Amino acid sequence: MTERTPQSLWQDYLFLTKEMLKCLNKQDMELFHDLMNQRERMQTLIEETPDHAFRSSPQGRKLLTEIRGEDQILMSHFQATHSKAKHHHQVAEAYSGGNQQPVNHRNWVR
């Protein structure tokens, strides 16, 4: 296996981040979680790979700034998707009777 450069790892990390956003927009949570796991493995590789000043280079700073921006977009979309799913779940529970309080026995006995 050939050694990966920090630049190629960070570019792959950015690619996975963008793909995660696409999955959120399509509400494909299974693929989203798969990509998230891939991105976590990519982060491990990045941490284990010696960075010979790539992060501090103009190209590295530009790429990392783009990643931060994509991460912020991803997090805001994820929070919105999570809130929407939580709300749908609460509505479904309300309609299915999942949140009903137990019937008070005294209401039935007269």
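Residues numbered from 1 in each chain as written. Predicted model: local features only at pLDDT ≥ 70, side-chain atom pairs only at ≥ 80, totals over all residues. Heavy atoms only, no water.

Visitor: With reference to specific residues and values, describe the pattern of salt bridges.
Guide: Should the charged atoms of two oppositely charged side chains come close, the side chains can pair. This structure, assessed with the given rule, holds five salt bridges. Of the charged contacts, one joins Lys18 and Glu66 as a salt bridge, the two residues approaching to 3.2 Å between their closest N and O atoms. With a gap of 48 residues between them, Lys18 in helix 1 (residues 6–26) and Glu66 in helix 3 (residues 58–96) connect regions that are remote in the sequence. Classification of Lys18 as partly exposed rests on a relative accessible area of 31%. Assessed through its relative accessible area of 34%, Glu66 is described here as partly exposed. Residue Glu19 is joined to Lys22 by a salt bridge in which the shortest nitrogen-to-oxygen separation is 3.0 Å. Taken together, the residues Glu19 and Lys22, both in helix 1 and three residues apart, mark about one turn of the helix. (Salt bridge = Lys/Arg side-chain N within 4 Å of Asp/Glu carboxyl O. Helix = DSSP H or I, 4+ residues; strand = E, 2+ residues; numbered from the N terminus. Buried < 20%, exposed > 50% of the residue type's maximum accessible area, 1.4 Å probe, protein only.)

Visitor: Can you tell me about the packing of helix 1 against helix 2 (residues 29–48), naming the residues and giving the values?
Guide: Interhelical geometry of helix 1 versus helix 2 gives an angle of 165 degrees and a closest axis separation of 9 Å. Comparing their axes, helix 2 and helix 1 come out roughly antiparallel. Helix 2 is crossed by helix 1, and the crossing has left-handed handedness. In contact with Leu9, Trp10, Asp12, Tyr13, Leu16, Thr17, Glu19, Met20, Cys23 and Leu24 of helix 1, helix 2 contributes Met29, Leu31, Phe32, Leu35, Met36, Gln38, Arg39, Met42, Gln43, Leu45 and Ile46. Across the contact of helix 1 with helix 2, the residue classes break down as 15 nonpolar, three polar and three charged. (Axes fitted to C-alpha atoms, helices over the stretch in contact; angles between N-to-C directions. Parallel < 35°, antiparallel > 145°, perpendicular 65-115°, else oblique. Left-handed = near helix turned anticlockwise from the far one by under 90°. Contact = heavy atoms within 4.5 Å. Nonpolar A, V, L, I, M, F, W, Y, C, P; charged D, E, K, R; others polar.)

Visitor: Now, about the environment of Glu66: what can you tell me, with residues and values included?
Guide: For the pair formed by Glu66 and Leu14, sequence separation is 52 residues and the distance between their alpha carbons is 7.9 Å. When residues no more than four places from it in sequence are discounted, the contact partners of Glu66 are Leu14 and Lys18. Side chain to side chain, Glu66 and Lys18 meet in a polar contact 3.2 Å long. (Polar contact = N/O pair within 3.5 Å; in protein donor to acceptor, adjacent residues only side chain to side chain.)

Visitor: Could you give me a rundown of the environment of Glu70, with the residues and numbers involved?
Guide: As for its position among the elements, Glu70 is in helix 3. Under the relative-accessibility criterion, Glu70 is labelled buried at 17%. For the pair formed by Glu70 and Thr17, sequence separation is 53 residues and the distance between their alpha carbons is 6.8 Å. The residues touching Glu70, leaving out its near neighbours within four places in the chain, are Leu14, Thr17, Lys18 and Leu21.

Visitor: Give me the lowdown on unusual backbone geometry, citing residues and values where you can.
Guide: Positive phi values are uncommon outside glycine, yet Gln27 reaches one of about 60 degrees. Here Gln27 shows up in the loop between helix 1 and helix 2.

Visitor: Before we move on, can you summarise the nonpolar core with the specific residues and values?
Guide: If you look at soluble globular proteins, the nonpolar side chains tend to sit buried side by side. Of all hydrophobic cores here, the largest spans 18 residues; its most connected members are Trp10 and Ile67. Per-element accounting of this core gives the leading share, nine residues, to helix 1. Filtering out sequence-adjacent residues up to four positions away, Trp10 remains in contact with Ile46, Phe54, Arg55, Leu63, Leu64 and Ile67. (Core = buried A, V, L, I, M, F, W, Y, C linked by side-chain atoms within 4.5 Å.)

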